[in-house]
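Reading the structure
The primary structure of each chain is shown beneath.
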Amino acid sequence: MSDATLHDHDARLSACPACDAAPLASRIASAKGAQADIILSLPTIHCATCITDVEGVLNRHPGVKAARVNLTLRRVTVDAPGMSAEELIPVVESIGYEAHELDPAALSASAADRQGRDILMRIGVSGFAMMNIMILSVAVWSGAEAATRDMFHWISGAIALPTVAFAGRPFFSSAWRAISHGRLGMDVPISLALILASSISVYETLNSGRHAYFDAAVMLCFFLLIGRYLDYRTRAVARSAAEELTALEVPRAFRITAAGDEPVPVSELVPGDLIRIRPGARVPADGEIIDGMSEIDRSLLTGESIPVAAAPGLALSAGEVNLTGPLVLRVTAAGRDSSLARLTALVAAAESARGHYTSLADRASRLYSPLVHLMAFCSFLGWYLATHDLRLAVNIAAAVLIITCPCALGLAVPAVITTASGRLFRRCMLIKEGTALERLADVDTVVFDKTGTLTMGVPQLVSINVIPVEARPVALALAQGSGHPLSQALAQALVGAGTVPAPLADLREVPGYGIAGNWQGREVRLGRADWLGAEHGDARLSASWLSLGQGAPIRLEFSDRLRPGAGECVSAILASGRRVLLLSGDAAPVVEDLATRLGIAEWRAGVTPVEKATAVHDLREQGLHVLMVGDGLNDTAALTEAHVSISPASALDAARTASDIVLVGSDLSPVAQSLTLARQARSRIKENFAISFLYNIVAVPIAIAGFATPLMAALAMSLSSISVTLNALRLRR
């Protein structure tokens, strides 16, 4: 069993957004004893303005070198040597944002689920109240007069006021925090519109007015909550891939001393220490084998599922798994300087960097609040000076605030993303990050990993016919006695052919070489070529050898089966004019063979995780928008470095969480289809923005001119929201 357990890991993130992955890795590797950055949880942030406010106040604070907000994870990473979280929390709270020292439990799925349920509950309450008030309003519209009309108004008010107070609480709380700290956010005009619509309605009811606008207030709250929930859903499922990587770190190692093996924390290891790695354990530090024979699962660095032989002189990296035999390792790097720690830092740095694609809605929100308040105030002032009628001026100002509320603008992106996400989900693709579709539409270059992505990552016997019928029972008995992936593939093929294992004596596995036994007085072996006295030959295919004690060993070749739809996917992407590259940690002949089969002209073999991330970064530096498709832990840094990323559901947890989109099925063809859908979705988003702005161009002058009551404004606002939603639903076809 592995000694790996979950434990806290000091984050070492670059605070400079201009720093790329490779310089970051070098700096981290050379920085010894450096203090970890401070990470604060910010549960109340929700828009681009929040990012600007938090980063601004922290960057201005003495002692802070830099701060970077991650909106998806609602956290800020602060580079502040010598400072503590207790000193920085009041700085953030001084501008009205709640802040806590990072607690992993606060980011758990259960906490996110509670937030989603809370918004849904408020939507349900406001929707139910809205329907009841609209029914009561029918009587008023039908001509109810005097006491009857007043009764319906009072009943509507009894329903609406508690509903607005409860359902509108997220807007009121956010607006109060902003105002109390001298800021204007999008929730300020929203809250003001809700309060004005409710206040005017109460005033009209008290004075037996003909019109009350309780239905407008509740309707406004209902549609705004729907927009907020759709936006929440685009963010709620995202998790940090860096947190997944820390699960692979080993907290302790067995250091060899004169008194025997001594368990010590990995952080206490220094270069030159000798440590013992037991079979089945994860390697705790980088180092070189000085004693022992085994096999190593190197999928962490290469992505390849087939283990490699381990012998003295072989360099190992932290996070790899020792499979079969005990090893003694001389440490070369441990803790903060290990390759696994550097990989974790690369992923975390890419996650914390500002997104490549900033939503148009977020950019528009920076100008929204001041403009709306200015228009409403000018409308009030103009009408009051012209008529000296306070009630009329307030009604027109409220209508302006309501008619310009950002329902359509707020739904423009979430409505399209939600609709497109549903369509992609039916094609077995799950979108995790809300802006993924927007970024996917920009893609002009696609980078594929090999094993587990273009192929299934499972070895398969090329032909059973190379094994004589009389030798198959012996081969099956040997294969069933080994846990090696090639042996398991051989056993599966032989069992499928109806073979029954032969009785063997003295069955034993030799770590790093293969398995041996006695059959009819002869030693039989299954394993490496040099162990059986054979030549390896063609390296394009993985191979094992079978020796029956006489005659030349039999070469058994294994291939990696293509993932279904891989050929169609690559062909469709190339046909669309996009560039396709293949980056793999496997040997060059194997990668070349696959690239030739799929028609991929550009490929690289023997690529390390850092080299993959650097390659993707270099492509981005050339102005290209890269889609990275990968499944291994070695792909996580490249996945987070890419403009947008996709991982199969069969990928490791760290790769799935680092990606923006998860391919749930085994067929790869939806990857090409998603590129087409993404461009269609981008067109719908632009159309929705056009609808929103056209609505405001037409509706705002009408409201300012006094031709719209608050109720008419709420109905117009609802109509714009419905138009945006219906336009988004066109993607379902």
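Residues numbered from 1 in each chain as written. Predicted model: local features only at pLDDT ≥ 70, side-chain atom pairs only at ≥ 80, totals over all residues. Heavy atoms only, no water.

A few points about the pairing of strand 24 (residues 626-629)
In plain terms, the rule: We call a residue buried when its accessible area falls under 20% of the maximum for its residue type, exposed when it is over 50%, and partly exposed in between, using a 1.4 Å probe and counting protein chains only. Secondary structure counts use DSSP, requiring at least four H or I residues in a row for a helix and at least two E residues in a row for a strand, with both numbered from the N terminus. By this definition, two strands are paired if DSSP reports at least two bridges between them.
On strand 24, burial covers both faces: Val626 and Met628 on one face and Leu627 and Val629 on the other are all buried. Bridge count between strand 15 (residues 445-448) and strand 24: 4 bridges; the pairing is parallel. Note on strand 24: the bridge partner recorded for Phe448 is Val629. Inspection of the sheet shows strand 24 paired to strand 25 (residues 644-648) by 3 bridges, in the parallel sense. Of the residues in strand 25, the one forming a bridge with Val629 is Ile646.

Remarks on the sheet that holds strand 1 (residues 38-41)
Strand order in the open sheet formed by 4 strands is 2-3-1-4, with antiparallel pairing between adjacent strands. One side of each edge strand has no neighbouring strand; the edge strands of this open sheet are strand 2 (66-70) and strand 4 (100-101). Here 4 bridges tie strand 1 to strand 3 (residues 75-79), and the two strands are oriented antiparallel to one another. Within strand 3, the position partnered with Leu40 by the bridge is Val76.

Overview of the packing of helix 5 (residues 146-167) against helix 7 (residues 187-206)
What counts, and what does not: A fitted line through C-alpha atoms represents every axis, and for helices the fit uses only the stretch in contact; the resulting angles, taken between N-to-C directions, go from 0 to 180 degrees. Convention used here: angles under 35 degrees read as roughly parallel, angles over 145 as roughly antiparallel, angles from 65 to 115 as roughly perpendicular, and any remaining angle as oblique. Here a crossing is called left-handed whenever its near helix is offset anticlockwise from the far helix by less than a right angle, and right-handed whenever the offset is clockwise. Residue contacts are defined here by distance: any two heavy atoms, one from each residue, within 4.5 Å place the two residues in contact. Under this grouping Gly is polar, as are all residues other than the nonpolar Ala, Val, Leu, Ile, Met, Phe, Trp, Tyr, Cys and Pro and the charged Asp, Glu, Lys and Arg.
In contact at an axis separation of 11 Å, helix 5 and helix 7 are set at 155° when each is read in the N-to-C sense. Compared by their axis directions, helix 5 and helix 7 come out roughly antiparallel. The two elements helix 5 and helix 7 meet at a crossing, and its hand is left-handed. Contact residues: His153, Trp154, Leu161 and Val164 in helix 5; Leu194, Ser198, Val202, Thr205 and Leu206 in helix 7. In terms of residue class, the contact of helix 5 with helix 7 is built from 6 nonpolar, 3 polar and no charged.

Section: helix 20 (residues 588-598)
Filter applied, for reference: By arc we mean the arc of the directions from the helix axis to the C-beta atoms, nothing more.
For helix 20, the complete set of buried residues consists of Val590, Val591, Leu594, Ala595 and Leu598. Seen from one end, helix 20 has its buried residues packed into an arc of 130°, which puts them on one side. Each element contacted by the buried residues of helix 20 is listed here: helix 16 (450-454), strand 16 (455-461), strand 21 (554-562), helix 19 (566-575), strand 22 (579-583) and strand 23 (602-604). Gly599 sits one or two positions beyond helix 20 and adopts a positive phi of about 80°.

Description of the sheet that holds strand 9 (residues 294-297)
A sheet is described by the order of its strands in space; here 3 strands give the open sequence 10-9-12, paired in antiparallel fashion. Where the open sheet ends on each side, the last strands, each with one partner, are strand 10 (308-310) and strand 12 (321-322). In the sheet, strand 9 pairs with strand 12 via 2 bridges, with the strands oriented antiparallel. Considered in strand 12, the bridge of Ile296 is made with Asn322.

Thoughts on the nonpolar core
Quick note on the threshold: Definition used in this section: a nonpolar core is a set of buried Ala, Val, Leu, Ile, Met, Phe, Trp, Tyr and Cys residues joined via side-chain atoms within 4.5 Å.
Counting residues in each nonpolar core, the largest one holds 45 residues, and the members touching the most others are Leu440, Phe448, Leu454 and Leu627. Those residues in contact with Leu440 that lie beyond four places of it in its chain are Leu627, Val644, Ile661, Ser674, Leu675 and Ala678. Among the nonpolar cores identified, the runner-up in size contains 40 residues, and Ile123, Ala193, Leu194 and Ala212 belong to it.

Side note on helix 19
Turning to helix 19, its buried residues number three or more, namely Ala566, Cys569, Val570 and Ile573. Here the buried residues of helix 19 occupy an arc of 90° about the axis, which is enough to place them on one side. Across from the buried face of helix 19, at angles greater than 90 degrees, the exposed residues are Glu568 and Ala575. Buried-residue contacts for helix 19 involve strand 15, helix 16, strand 22, helix 20 and helix 24 (670-704). Phi turns positive one or two residues past the end of helix 19, at Gly577, with a value near 90°.

Things to note about unusual backbone geometry
Its identity is not glycine, yet Asp506 carries a phi of approximately 55°, on the positive side. If you trace the backbone, Asp506 turns up in strand 17 (residues 505-510).

Description of the packing of aromatic side chains
As a reminder, the rule being used: Between 30 and 60 degrees the pair is tilted, below 30 it is stacked and above 60 it is edge-to-face, where a pair is any two Phe, Tyr or Trp rings, Trp via its six-membered ring, whose centres lie within 6.5 Å.
For the structure shown, the criterion picks out 2 aromatic pairs. Both rings, one in Phe380 and one in Tyr384, keep their centres 6.2 Å apart while their planes meet at 10°; by these two values the pair is stacked. On the criterion of helical spacing, the pair formed by Phe380 and Tyr384 is a turn pair, its members being 4 residues apart in helix 12 (residues 360-387). What makes Phe380 partly exposed here is its relative accessible area of 25%. Between Phe689 and Phe693 the ring centres are 6.4 Å apart and the planes differ by 25°, which places this aromatic pair in the stacked class. On the criterion of helical spacing, the pair formed by Phe689 and Phe693 is a turn pair, its members being 4 residues apart in helix 24. Among the residues examined, Phe693 registers a relative accessible area of 45% and is labelled partly exposed.

A look at the side chain of Ser547
Checked against the element boundaries, Ser547 lands in strand 20 (residues 542-547). Excluding residues that lie within four positions of it along the chain, Ser547 makes contacts with Glu523, Val524, Arg525 and Leu532.

Concerning the pattern of salt bridges
The cut-off we apply is this: Should a side-chain nitrogen of Lys or Arg be within 4 Å of a carboxyl oxygen of Asp or Glu, the pair is scored as a salt bridge.
This structure, assessed with the given rule, holds 17 salt bridges. Taking the shortest distance from any N to any O, the salt bridge between Asp150 and Arg149 comes out at 4.0 Å. The pair Asp150 / Arg149 is uniform in exposure class, with both members buried. For Asp273, the salt bridge is made with Arg255, and the minimal N-O distance between the two is 3.3 Å. You can see Asp273 sitting in the loop between strand 6 (260-265) and strand 7 (274-277) and its partner Arg255 sitting in strand 5 (residues 252-257), a full 18 residues away along the chain. For the pair shown, Asp273 and Arg255 are each scored as buried. Several salt bridges converge on common partners, so that one network encompasses Asp506, Arg508, Glu523 and Arg525.

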